[in-house]
Amino acid sequence: VVAVSLKMFAGAGYFSLALRWIVEPFLVDAATYGWMIPFAVVFLSFGLALFWALAAGLAARFGTEMPRRAMLFAVLLAAAELARGTVLTGFPWALIGHIWTDTPVAQLAAWSGPNGLTLLTTLIAALPVALGLRGLTGGVAVLTAGFGFGLWQLAQPMPDGAGNAIVRLVQ
């Protein structure tokens, strides 16, 4: 229960910081709508944190030892983030994998999508807990490979005609 509660509050803190932009529409007419800001931030953050709490509860229930629990939580947290993007019409913003957006590692999203980057991130974070120094070394190796692949991908020449595409946006 304590682990689930901690993950719930950790998730709420994460989402309240990651989704701080959500209050901007209320500030257009702050005199009329400003009172809703605390409710939007608190309820949305804790509502989204329920997914993290579910992942923590399942990991605590089925992870008998710390190494297994850490890896199980990493996988379940990535699955919870995937579910968060689809359940009840979904809210796919502020995925954990979005931390790679401005880095070469983001090139891996071409193969795995943002949820794959989330799984990569949670597994790299869990490796040192599960395997100690070997896990830390493995996590650094995976991260280095991700950066290397991304840099290699970004160094590839653009395909012919790539700059000639016509894009029209209609609202």
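Scroll up a little and you will see the structure.
Residues numbered from 1 in each chain as written. Predicted model: local features only at pLDDT ≥ 70, side-chain atom pairs only at ≥ 80, totals over all residues. Heavy atoms only, no water.

Participant: Can you break down the packing of aromatic side chains residue by residue, with the values?
Facilitator: Under the defined criterion, the tally for this structure stands at 11 aromatic pairs. A ring pair is formed by Trp100 and Phe147, whose centres lie 6.3 Å apart and whose planes are at 85°; its orientation type is edge-to-face. Note that Trp100 is positioned in the loop between helix 4 (66–84) and helix 5 (109–131) and Phe147 in helix 6 (residues 133–155), a separation of 47 residues in sequence. We classify Trp100 as buried; its relative accessible area is 11%. The exposure class of Phe147 is partly exposed, given its relative accessible area of 29%. With 5.9 Å between their ring centres and 40° between their planes, Phe149 and Trp152 make a pair best called tilted. Of this pair, Phe149 and Trp152 both sit in helix 6, 3 residues apart, roughly one helical turn. The rings of Tyr14, Phe15 and Trp52 are connected pair by pair, giving a single aromatic cluster. (Phe/Tyr/Trp six-rings, centres within 6.5 Å; stacked < 30°, edge-to-face > 60°. Helix = DSSP H or I, 4+ residues; strand = E, 2+ residues; numbered from the N terminus. Buried < 20%, exposed > 50% of the residue type's maximum accessible area, 1.4 Å probe, protein only.)

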